[in-house]
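Observations on the three-dimensional arrangement
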Amino acid sequence: MCASKLLRSSITFGISRDIKSFKPIEGVRITATFKNQTLMTLTDAEGRFRIEGFIDGYDADAVQFKCEKTGYTQINVIRRKISADANAPVEVECLNQPG
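The structure presented is a predicted model; accordingly, all values stated were derived computationally and were not measured. (Residues numbered from 1 in each chain as written. Predicted model: local features only at pLDDT ≥ 70, side-chain atom pairs only at ≥ 80, totals over all residues. Heavy atoms only, no water.)

1. Looking at the state of the cysteines
Cut-off, in case you're wondering: Working definition: a disulfide is two cysteine sulfur atoms within 2.5 Å of each other. Helix and strand definitions follow DSSP, with helices as H or I runs of at least four residues and strands as E runs of at least two, each counted in order from the N terminus.
Counted by the stated rule, this structure contains one disulfide. Here C67 engages in a disulfide with C94; their sulfurs sit 2.0 Å apart. Taken together, the residues C67 in strand 5 (residues 64-68) and C94 in strand 7 (residues 90-98) connect sequence positions 27 residues apart.

Given below as structure tokens:
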């Protein structure tokens, strides 16, 4: 009998907010880089985003995030693992400052 390994991709979701008003920011380009792979998306009208696709030895703590939009500067990126499982989704909050 042949065993096959199921590869599960990573799931990262979150929101981008204005650090002063704490309001969501639409149209922020979210870039996630892990090893030699880069994934990108834009936040929606509610400032929310979802990225999935890293599979090769994925380590949520090693992913680099950039949250970019003209007129804003990235101040901080906060990440939270949903559980201790290595393949658990990761929630990310990007805090940006006007200017």
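2. A few points about unusual backbone geometry
The phi angle of most residues is negative, glycine excepted, and most peptide bonds adopt the trans form. Our working rule: Between buried and exposed lies partly exposed: a residue is buried under 20% and exposed over 50% of the maximum accessible area for its type, with that area taken using a 1.4 Å probe on protein chains only.
Although it is not a glycine, F22 adopts a positive phi angle of roughly 65°. For F22, a relative accessible area of 45% gives the class partly exposed. Despite not being glycine, K35 shows a phi value in the positive range, around 55°. Positionally, K35 belongs in the loop between strand 2 (29-34) and strand 3 (37-42). Of the residues examined, K35 reaches a relative accessible area of 58% and is grouped as exposed.

3. Some details on the sheet that holds strand 3
Hydrogen bonds between backbone groups are what pair the strands of a sheet, and the pairing can be parallel or antiparallel. Counted only if it meets this: Strand pairing follows a simple DSSP-based rule, namely that at least 2 bridges must link the two strands. Axes here mean lines fitted to C-alpha atoms, for a helix over just the part in contact, with angles spanning 0 to 180 degrees between N-to-C directions.
Strand order in the open sheet made by the three strands is 3-2-5, with antiparallel pairing throughout. Two strands bound the open sheet, and with one partner strand each, they are strand 3 and strand 5. Each strand axis lies, on average, 15° off the axis of its neighbour in the sheet, ignoring direction. In this structure, strand 2 lies alongside strand 3, joined through six bridges in antiparallel fashion. Its bridge partner being in strand 3, A32 is matched across the sheet by L39.

4. Some remarks on the pattern of salt bridges
A pair can form between side chains of opposite charge whenever their charged atoms are brought close. Applied cut-off: Any Lys or Arg side-chain nitrogen found within 4 Å of a carboxyl oxygen on Asp or Glu counts as a salt bridge.
Counted under the stated rule, the structure contains four salt bridges. Close ionic contact of E93 with R17 constitutes a salt bridge, the shortest N to O distance being 3.1 Å. Linking E93 in strand 7 with R17 in strand 1 (residues 11-18), this pair joins segments that are 76 residues apart in sequence. Judged by relative accessible area, E93 falls into the buried class, the value being 10%. Put simply, E52 and R50 hold a salt bridge, and the shortest N to O gap is 3.0 Å. Using a relative accessible area of 48% as the deciding quantity, one classes R50 as partly exposed.

5. Describing the pairing of strand 7
Where a strand is regular, its side chains alternate between the two sheet faces. When strand 1 meets strand 7, the two strands line up parallel, connected through seven bridges. Bridge pairing links S16 to C94 in strand 7. Inspection of the sheet shows strand 6 (residues 72-81) paired to strand 7 by nine bridges, in the antiparallel sense. By the bridge assignment for strand 7, I78 is matched with E93.

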